[in-house]
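So the chains spell out like this:
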Amino acid sequence: MLNFTPAAGAGSGAGGGSGAGGGNRARAVPGRTIRVRVKRCEGPGKASRWEVFAVKAEAGSNVISVLQQIASNPVTVEGERTTPVVWDSGCLEEVCGACTMVINGRVRQSCSCLIDEYAPGEGDEITLEPMSKFPVVRDLWVDRSRLFHNLSRVKAWVPIDGTYNLGPGPRETPAQQETRYALSECMSCGCCLEACPQFTLEEDPKAWGTSFIGAHAISQARLFNEHATGRALKGERLEALMGPGGVSDCGNAQNCVKVCPKHIPLTESIAAIGRAVTIHAVARWFRG
Ligand code: SF4
Ligand code: SF4
Ligand code: FES
């Protein structure tokens, strides 16, 4: 679901950043007016600018509800009427990953970001920017095609397509299910890529196949390699991760694991895939 709102603002960078403490919520001032700075961009290749809006913070409001308020009256603090701000969202419950943006310098989902935590006082300011590692489509909406392309590089699926009933799948132990469940929670939000120093903006799709694949794809390769049926493609996944842009391009900065909203053990996945790639390479060498 794309959303079109009138708005604007200024702000900071990408991965780490400030964020907010949960303790702020208790001291949030009822009925306060906050300032919302939005980084605006009319479209791909266009220059960015900042616009600031004054918004009455409702109790329990999130960033998306603030954007909706701005949409209903797209006038900046200077009194200038502006164009609607555009952002992306779907589930509104931190499941689809579409609403990811950089809020006060930290990448996260805007639907689960509470204003009381980030701007608890009268006149407090909150800054909204699009992710910097993906091309901006407009305002806060980015094109995450490369993220999905990278999942296809590692064949992040179970190969069960067919025209007949394949019957029940192989059984798994509860311990196996538990490990894979944690990995399966990835919602393709892009936070881990935004925070990763090895993953840089690449607008040319021809370069996507050899640039760093990202922690999300490495972890999904582990998820499907450990699936009883999905492991049929294990060799192909490891081949993809041995090449340029594969697991050896990870610099082990560990930013990814710190920002993942689903707390997926990404560095554990990177280590596990690193070992699997080494074993696969040695076995391939012996086979000639
Ligand atoms: S691994 Fe975590 S941060 Fe990365 S895309 Fe999946 S859910 Fe988002
Ligand atoms: S550990 Fe690897 S994937 Fe994660 S942020 Fe660092 S370089 Fe990127
Ligand atoms: S709208 Fe789906 S994660 Fe925020």
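It should be emphasised that the depicted structure is a prediction, and the values quoted were computed from it without experimental measurement.

1. Considering the domain arrangement of the protein
- According to the domain assignment, the protein consists of domain 1 (2-142) and domain 2 (145-287).
- The C-alpha centroid of domain 2 is placed 31 Å from the C-alpha centroid of domain 1.
- With 16 residues of domain 1 at the contact, the number on the domain 2 side is 16 residues.
- If one sorts the elements of the side of domain 1 that touches domain 2 by residue count, strand β6 (residues 106-109) sits on top with 3 residues.
- Split by residue class, the side of domain 1 that touches domain 2 holds 7 nonpolar, 6 polar and 3 charged.

2. Some words on the pairing of β6
- Burial along β6 is two-sided: the face carrying Arg106 and Arg108 and the face carrying Val107 and Gln109 are both buried.
- Two elements, strand β5 (residues 100-103) and β6, share 4 bridges in a ladder whose sense is antiparallel. The residue bridging Ile103 from the neighbouring strand is Arg106, located in β6.
- Where β5 folds back on β6, the antiparallel hairpin that results is connected by 2 residues, among which Asn104 adopts a positive phi of roughly 50°.

3. Thoughts on the site of ligand 1
- What surrounds ligand 1 is a group of 15 residues, the closest being Cys186, Cys189, Cys191, Cys192 and Cys260.
- Counting only elements with at least two residues in the shell around ligand 1, the list comes to α5 (191-195) and α6 (215-225).
- The element contributing the most residues to the shell around ligand 1 is α6, with 3 residues.
- Taken together, the residues of the shell around ligand 1 break down into 10 nonpolar, 4 polar and 1 charged.

Cut-off values and rules
Residues numbered from 1 in each chain as written. Chains lettered and ligands numbered in written order. Predicted model: local features only at pLDDT ≥ 70, side-chain atom pairs only at ≥ 80, totals over all residues. Domains from an automatic or database assignment. Contact = placed C-beta atoms within 7 Å. Helix = DSSP H or I, 4+ residues; strand = E, 2+ residues; numbered from the N terminus. Nonpolar A, V, L, I, M, F, W, Y, C, P; charged D, E, K, R; others polar. Buried ≥ 20, exposed ≤ 12 C-beta atoms within 10 Å, placed from the backbone. Pairing = 2+ DSSP bridges. Near = placed C-beta within 6 Å.

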